[in-house]
Amino acid sequence: MTWTTLTALLSHWRRNGLQFFALISGLALATALWSGVQAINAEARASYDAAAATLGEGQFGQLLPRTGNRIDQATYIALRRSGWQVSPVLEGRIDTTQGRVRIVGLDPLTAPGNVAPVGMQEGTSLDDFLTRGVLFAATDVADQLENAVSQRIVTDPSAAPGVALTDIGVAQDLLDAQGTLSRLILAPEQPMGRPDLAGITPDLVLQPAQDAGADRLTDSFHLNLTAFGLLSFAVGIFIVHGTISLAFEQRRGMVRTLRALGVPLGRLIGLMIAELVLFALIAGAIGVALGYVIAAVLLPNVAATLQGLYGASVAGTLQLRAEWWLSGMAIAVVGTGLAAAGALWKIAHMPLLSSARPRAWAVASGATARRLGAVAGLLFLVGVGIEIRGKGLALGFVLLACMLIGAALLLPLVLRGAVTLADRQARSVVWQWFWADTRQQVPGMSLALMALLLATAANVGVTTMVSSFRVTFVDFLDQRLAPELFISAEDAAQSPDLEAFLIDNAREVLPLLSVETEIAGVPSDLFGARVGPTYRNNWVFVAETPEVWDRVARGEAAVVSEQLARRAGLWTGDAVAVAPGLSLPIAAVVADYGNPLGQALIDEAVFSDLYPDRVPTRFGVRTDDAAGLREKLVERVGLSDAAIIDQARIKAFSLEVFERTFTVTGALNVLTLAVAAFAILMSLLTLASLRVPQLAPAWALGMTRRRLGRLELLRAVVLAFVTTVLAIPLGLLLAWVLLSYVNVEAFGWKLPMYVFPGHYALLTVFALLAAALAALWPALRLARTPPSDLLKVFANDR
Amino acid sequence: MMLTVQDVTKTFAGGEGDLPVLRGVSLSLDRNETLALTGESGSGKSTLLHLIGGLDTVGSGAIEIDGHDITKMTDSDRAALRRTDVGVIFQQFNLIPSLTVAANMAFQARLAGRYDADQAARMSDALGLTPHLDKYPEALSGGQQQRVAIGRTLVARPKLVLADEPTGNLDEATARQVLDQMLDLVTETGAALLMVTHSQSVARRMKRQVHLSQGRVA
């Protein structure tokens, strides 16, 4: 019985190939978008983990040189002898024919915890590492080093990207840095009663473990990607839901017959579930494979983005990871379950003697639309409640979900309203029929149109957010990169002479003095600023008090970045402890986009009092003759070209990094819209067979098939237009939540929102074009429906 | 006795209160016997047929098929009975549109686990369906579809055949032809037949007739 029943169920799909294609491809596309994004996330996370495991970056406190970038090896020995549990690290870059490679030298005997090459933990001889000289690197770096070093290279796929690890002695040889170190890693457990650090060496500063800062930011980036993945998956699920609902609707007759012939309901439902799970697995496998392709295409941009914005290294190649294969398959099965739950419930509760005719799609009542509208209203209320009272990133996404789902549920009601309004204006009988028929089609097309609504709204929302970010960022660059040139001294010793030369030859010199510290519990950079016309004329504040710069110049106040202010819960007028023993009132809060750390700015003199040994080695220079000054610096001071950077280059680089960040976003936008167009195509194609009985009477009464086809096309475009018009305000609302709520929660800053009517108009045209293209084929098929098929509608024996 | 219906009632809930459709119907049917259930529209003929087929549940009373009271059976047991002992022929044919004529005819016998290819071939010959075995139902006329439905039921060799106006949708000549074939095959398989019809000419072809009026045997 089981096999016979399953054969009957499967025969439906064999006879309805298009429906089967819609189901499989819808689910595969949804899974592809989801798993593609997850693959990118998983790959990026794995890269961080590898970096953290091998380098110990951020996990442990470190001792760094107060000035310069080298520590004498004797200092390390003195610390060890006095009881300090420290481990040496030497870092530097070597040139190869294929570019530069970062060499990290470690001492595995003293390194704490898991700070060691991963490959070595799996059995490579410690003797080899210490005595013969072995370098551990990922395949690409190993290839790069092949002819550049004489030591043996061990390929370790889990090594951090762009890095080769080796013993500290080998690193000193390779980097020609005998007797020097870059930094010292502090073991988490230190012996009691060890002498004070300053007593042994005053030249080192302690940088505490920073496990949170960069993680939070990269997590935010991943969160955004995951949100996109979910949104795309939701669009895909709308397609699957639509297809399954239609298929089950069309199989009502078969279900009734099977039950009448003696197939128990439980067995029937079980077989239908098995059938769907089988399809989900097939579609899931296709989707995961497609997702791999999407991820492989997008990953280089993601890697560049994370590296540029946050300094996190991500390998630019993709590995097949079991977890995202499994998660992709799981999400396909869960998604199918979600999409099919309603249809299965209906079948389970359908009386055996109920009508076998497909009805729900064609005659869903206005009452259903009103019920959905009521649920939408409830969701909007929850959203408003969250906006007023809620806090936290998770609630931000709940707010987004409430808005998006609410709007989708409201759509049928709004479409019915719009069509009824148009119907009232119709004068000719054809148009009256057209609008009445369109109203009847709304339930059948609702799911596809909901998918279009979500895709278009997401597109509007994300584009508004990205473009607002871009406008603000360019303004920010103009503000922060006002100096025409940025000049680096070769070392601290050269700095005073260089500064004196610049003061004589430039309009204004801005020393770039900074120290990494922790302010109000937030890892931050503290800057010492020489307050002058550049700061006064170019800096625009998010919030300010009167006479900001005068007060800063007098050493009476500080300016802090928005991230620092928000994370520390501070604002203008509050006091902030910029250093031990020094609290200053906040005179202004300045926007600082894309920086992982907090920032605080105080007067140069106050900074020098706090850090007398800090000497500026970089200067921003205001000049009317950038080229002339560059020439003088090279010829008279002997600076290399590389030490002089002009503002245009930095701006171009910064903008390039920024553009890369959102290439991923743009690509996902296009894909999501394409999936929505696919949803419309599939629902129109699957509805086409149901349309024949509805259109046959109009044809019999004198309307040509060609005209009916044209009206079908127009109907799709009209419904898509109303949907897109609704999607624009929804998208703007989405952008507002992203910029004013989610962004603050995830990144710590709020962005001004800009509106881009030109883009929205273009998007409307694209959406209509997509809908028209999707409707073209079904309309053509309808226009070419043979009269014999139309006549069957009136046959007595039908 | 193949079928015994005792004092069966059935009431449907309606917009204007409960609507009694059957008010204590009793009848019986022996093996190899044919019985026509007649009556005007709304008299409860189809409802009684659905109750006998276990497609719906009685309000009160008892229905015994081959000695088993189906009113005391679970839904699943009634489904098993339909698979093995009872065949239902519907007015609307209720074929599976995605299966070929051959697969439709074999379907119920396969569900019952007693499909006999030779018998199915004889049946399709007898019903004139052999040239159409590879076609799908949509390609057949109404008369041909009804023959497939009859074939589907009889290939499974049920003890009791229930037919709900099987010729109601057919023209007079086709209806006569289909009825002849059905009666011949029922006789051949030794099944009992209960047929709902509002046609007196069809009813006269049965051994016995029971007339229902306003939910009662008249």
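What counts and what doesn't
- Per chain, residue numbering runs from 1 following the sequence as it is written.
- Throughout, the order in which chains and ligands are written sets their labels, letters from A for the former and numbers from 1 for the latter.
- This being a predicted model, a pLDDT of at least 70 is required before a residue's local features are given, and a value of 80 or more before pairs of side-chain atoms are given or counted; all residues contribute to the totals for chains, interfaces and linings.
- Excluding hydrogens and water, the side-chain values take into account all heavy atoms of the structure.
- To qualify as a helix, a DSSP run of H or I must reach at least 4 residues; to qualify as a strand, a run of E must reach at least 2; elements of each kind are numbered from the N terminus.
- Here's how the labels work: a residue is buried when its accessible area is under 20% of the maximum for its type, exposed when over 50%, partly exposed in between, all with a 1.4 Å probe on protein chains only.
- Contacts: residue pairs with any heavy atoms within 4.5 Å of one another.
- Pairing between strands requires that DSSP locate at least two bridges from one strand to the other.
- Angular values range over 0 to 180 degrees, each being the angle between N-to-C directions of two axes fitted as lines to C-alpha atoms, with helices fitted over their stretch in contact.
- Per-residue confidence from the predictor is reported as pLDDT, a score between 0 and 100.
- Two aromatic rings from Phe, Tyr or Trp, using only the six-membered ring of Trp, form a pair when their centres are within 6.5 Å; if the ring planes differ by under 30 degrees the pair is stacked, by over 60 it is edge-to-face, and anything between is tilted.
- Any Lys NZ or Arg CZ that is within 6 Å of a ring centre and within 35 degrees of that ring's normal is treated as a charge sitting over the ring.
- An angle counts as roughly parallel when it lies under 35 degrees, as roughly antiparallel when it exceeds 145, as roughly perpendicular when it falls between 65 and 115, and as oblique in every other case.
- When residues are grouped by polarity, Ala, Val, Leu, Ile, Met, Phe, Trp, Tyr, Cys and Pro land in nonpolar, Asp, Glu, Lys and Arg in charged, and all others, Gly among them, in polar.
- In short, buried area is how much 1.4 Å probe accessible area vanishes from two parts on joining, totalled over both.
- The term salt bridge refers to a pairing of a side-chain nitrogen on Lys or Arg with a carboxyl oxygen on Asp or Glu at a separation within 4 Å.
- Counting of polar contacts relies on pairs of N or O atoms within 3.5 Å, with two restrictions inside protein: one atom must be capable of donating a hydrogen and the other of accepting it, and residues adjacent in sequence are counted only when both atoms are side-chain atoms.

J.: Got a minute to help me understand the environment of Glu 604 of chain A in this structure?
T.: All names here are of chain A. Relative to the assigned elements, Glu 604 resides in helix 21 (residues 604–610). Residue classification places Glu 604 among the buried positions, given a relative accessible area of 18%. Remark: the alpha-carbon pair of Glu 604 and Leu 510, spanning 94 residues in sequence, is separated by 9.8 Å. Aside from chain neighbours lying at most four places away, what touches Glu 604 is Pro 511, Leu 513, Gly 528, Ala 529 and Arg 530.

J.: Can you help me understand the sheet that holds strand 21 (residues 644–646) of chain A in this one?
T.: Within a beta sheet, neighbouring strands are joined by backbone hydrogen bonds and run either parallel or antiparallel to one another. All names here are of chain A. Sheet architecture is open: four strands sit in the order 12-20-11-21, paired in antiparallel fashion. Each edge of the sheet is formed by a strand with only one pairing partner; in this case those strands are strand 12 (508–511) and strand 21. Pairs of neighbouring strands in the sheet enclose a mean axial angle of 25°, with direction left out of account. Bridge count between strand 11 (residues 485–488) and strand 21: three bridges; the pairing is antiparallel. Considered in strand 21, the bridge of Ile 487 is made with Ile 644. Against the sheet, helix 17 (residues 495–505) touches strand 11, strand 12 and strand 20 (618–622), its axis set at about 5° to strand 20.

J.: Quick question: what am I supposed to make of the confidence of the model for chain B here?
T.: Regions with low pLDDT carry predicted coordinates that are not meant to be interpreted in detail. Residues with a pLDDT of 70 or more make up 99% of chain B, whose mean pLDDT is 88. No element of chain B has a lower mean pLDDT than helix 6 (residues 172–189) of chain B, at 81, and none a higher one than strand 4 (residues 60–65) of chain B, at 93.

J.: I tried to follow the packing of aromatic side chains on my own but got confused; where do I start?
T.: For any pair of aromatic rings, the description rests on two quantities: the centre-to-centre distance and the angle between the ring planes. Scanning the model with the defined rule gives ten aromatic pairs over all chains in all. Considering the side-chain rings of Trp 13 of chain A and Phe 20 of chain A, the 6.2 Å spacing of their centres and the 55° angle between planes classify their relative orientation as tilted. Residue class for Phe 20 of chain A comes out partly exposed when judged on its relative accessible area of 28%. Here a set of aromatic residues connected by ring pairs shows up, and it is made of Tyr 535, Trp 539, Phe 541 and Trp 549 of chain A. The side chain of Arg 110 of chain B reaches across the aromatic face of Tyr 115 of chain B, ending 4.4 Å from its centre.

J.: Hey, could you run me through the sheet that holds strand 8 (residues 192–196) of chain B in this one?
T.: A sheet is described by the order of its strands in space; here six strands give the open sequence 6-7-8-3-9-10 (chain B), paired in mixed fashion. Because the sheet does not close on itself, it has two edges, and the strands there are strand 6 (86–89) and strand 10 (216–217) of chain B.

J.: Can you walk me through the packing of helix 5 (residues 142–155) of chain B against helix 6 of chain B in this structure?
T.: When two helices pack together, their arrangement is given by the angle between their axes and by how far apart the axes lie. Residue and element names in this part refer to chain B. Remark: helix 5 packs on helix 6, axes separated minimally by 10 Å, with the N-to-C direction vectors making an angle of 10°. Judged by the inter-axis angle, helix 5 sits roughly parallel to helix 6. Here helix 5 contributes Gly 143, Gln 146, Arg 147, Ile 150 and Leu 154 to the contact with helix 6, which in turn contributes Thr 174, Gln 177, Val 178, Gln 181, Met 182, Leu 185, Val 186 and Thr 189. When the residues that make up the contact of helix 5 with helix 6 are grouped by side-chain class, the tally is six nonpolar, six polar and one charged.

J.: Even after reading the chapter, I still don't get the interface of chain B and chain A, so can you show me in this structure?
T.: Interfaces are frequently sized by the accessible area removed from exposure as the parts join. Chain B puts 23 residues into the contact, and the matching count from chain A is 22 residues. Around 2,200 Å² of area is buried between chain B and chain A when both sides are counted, 60% of it from carbon and sulfur atoms. Three residues, Ser 98, Phe 107 and Leu 111 of chain B, lead the burial of chain B against chain A; their summed loss comes to 24% of the area buried on that side. Viewed at the interface, chain A and chain B are joined by two salt bridges. Residue Arg 259 of chain A is joined to Asp 75 of chain B by a salt bridge in which the shortest nitrogen-to-oxygen separation is 3.9 Å. Inspection of the chain B/chain A interface yields seven residue pairs in polar contact (both at pLDDT 80 or more). Where the side of chain B that touches chain A is concerned, the elements lending two or more residues are helix 2 (75–84), helix 3 (101–112) and helix 5 of chain B. No other element matches helix 2 of chain B, which puts five residues into the side of chain B that touches chain A. Taken together, the residues of the side of chain B that touches chain A break down into ten nonpolar, six polar and seven charged.

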